[in-house]
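# Geometric and topological summary
Each chain, written out:
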Amino acid sequence: DVKVTQSSRYLVKRTGEKVFLECVQDMDHENMFWYRQDPGLGLRLIYFSYDVKMKEKGDIPEGYSVSREKKERFSLILESASTNQTSMYLCASTMTGGYYEQYFGPGTRLTVT
Amino acid sequence: EDKVVQSPLSLVVHEGDTVTLNCSYEVTNFRSLLWYKQEKKAPTFLFMLTSSGIEKKSGRLSSILDKKELFSILNITATQTGDSAIYLCAVRNAGGTSYGKLTFGQGTILTVHP
């Protein structure tokens, strides 16, 4: 069974802290994605990666960075968390090619106080 | 810039009702349109549509795509409380990459009362 897991379901951090969100997939997918989901705005793409050590900015990369050292693992880093980064963060993965669905992890609800 | 707009943003119905969710899009080079259902967890895949006029069906859910008018609808018949969820529409642009990058709409929040 296909699986994408995220390191935490709920996380509370203070303003200015460095935050790591981890995502692991067991499907040998080349492509991985980080989204944030906010009410009324849908899912917005932060960063994605199409291969190990490769990354591309999505639509809202400001304030975030990513790391992909192994094919199965994609990390999202908030260098200095701010309250406007309070959100639901979703990770997804997919095979290369235009006709495959994305598989999503359960999400991490991050609160920055 | 690719754009996806869903309507309505929220909908409240009673069990047994039929609902139609709408998704319109603007994309420079269309590849596919996807529907997902999200309860209090990971979005789960419902349908992928690539051709106009061909209905995809799964139980009480069905969806169709109109590539001329640039929209898709998701129909749910005989709704049940378990259909309560956020329904997400997304489009994939074919141009340039095969990374599978999707652009999502805002989502429609469906609430089904007993």
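Everything below is about the structure printed above this text.
Presented here is a report on the structure given in the accompanying data block.

The rules behind the values
- Residue positions are given per chain, counting from 1 as you read along its sequence in written order.
- Here chains are named by letter from A upward and ligands by number from 1 upward, in the order in which they appear as written.
- Since the coordinates come from a predicted model, pLDDT governs what is reported: local features require at least 70, and pairs of side-chain atoms require 80 or more to be given and counted, while whole-chain, interface and lining totals use all residues.
- The side-chain figures draw on all heavy atoms in the structure; neither hydrogens nor water molecules are used.
- A pair of strands counts as paired when DSSP detects no fewer than two bridges linking them.
- Strands here are runs of E lasting at least two residues and helices are runs of H or I lasting at least four, both read from the DSSP assignment and numbered beginning at the N terminus.
- Axis definition: a line fitted to C-alpha atoms, over the contacting stretch in the case of helices. Angles run 0 to 180 degrees between N-to-C directions.
- Contacts were defined at the residue level, with two residues in contact if any of their heavy atoms lie within 4.5 Å.
- Joining two parts hides part of their accessible area as seen by a 1.4 Å probe, and the buried area is that hidden amount summed over both.
- Take a side-chain nitrogen of Lys or Arg and a carboxyl oxygen of Asp or Glu: if they are within 4 Å of each other, that pair is a salt bridge.
- Side-chain atoms alone can form a polar contact between residues adjacent in sequence; in general such a contact is a pair of N or O atoms within 3.5 Å, and within protein one must be able to donate a hydrogen while the other accepts it.
- For this classification, the nonpolar set comprises Ala, Val, Leu, Ile, Met, Phe, Trp, Tyr, Cys and Pro, the charged set comprises Asp, Glu, Lys and Arg, and every other residue, Gly included, is treated as polar.
- Cysteine sulfur atoms are paired as a disulfide whenever they come within 2.5 Å of each other.
- Residue burial is assigned from relative accessible area. The probe radius is 1.4 Å, only protein chains are included, and a residue is buried under 20% of its type maximum, exposed over 50%, and partly exposed in between.

The next thing to look at is the sheet that holds strand S6 (residues 56-58) of chain B. Residues and elements named next belong to chain B. The five strands lie next to each other as S1-S3-S8-S7-S6, forming an open sheet whose pairing is antiparallel. Because the sheet does not close on itself, it has two edges, and the strands there are strand S1 (3-7) and S6. Recorded for the sheet is a direction-independent mean angle of 15 degrees between the axes of neighbouring strands. Where S1 lies against strand S3 (residues 19-26), five bridges are found, and the strand directions are antiparallel. Opposite Val 5, over in S3, you have Ser 24 as the bridge partner.

Opposite the 25 residues of chain A that make contact, chain B presents 23 residues. Contact between chain A and chain B buries roughly 1,900 Å² in total, counting both sides, with carbon and sulfur atoms accounting for 58%. Applying the counting rule to chain A against chain B returns zero salt bridges. Counting across the interface, chain A meets chain B through three residue pairs in polar contact (both at pLDDT 80 or more). Of all the secondary structure elements, the ones that give two or more residues to the side of chain A that touches chain B are strand S4 (31-38), strand S5 (42-51) and strand S9 (87-94) of chain A. It is S5(A) that contributes the most residues to the side of chain A that touches chain B, five residues altogether. Split into classes, the residues belonging to the side of chain A that touches chain B amount to 12 nonpolar, 10 polar and three charged.

For the rest of this paragraph, the subject is the state of the cysteines. Scanning the model with the defined rule gives two disulfides over all chains in all. For Cys23(A), the disulfide goes to Cys91(A), at an S-S distance of 1.9 Å. Taking the sign of the torsion about the S-S bond as the criterion, the disulfide between Cys23(A) and Cys91(A), at about -75 degrees, is left-handed. Placement of Cys23(A) in strand S3 (residues 19-25) and of Cys91(A) in strand S9 is noted, with a sequence separation of 68 residues between them. The two residues Cys23(A) and Cys91(A) agree in class, both being buried. A sulfur-sulfur distance of 1.9 Å marks the disulfide that ties Cys23(B) to Cys89(B). Sign of the S-S torsion, about -70 degrees for the bond between Cys23(B) and Cys89(B), identifies this disulfide as left-handed. Of the two residues, Cys23(B) sits in strand S3 while Cys89(B) sits in strand S9 (residues 85-93), which places them 66 residues apart along the sequence.

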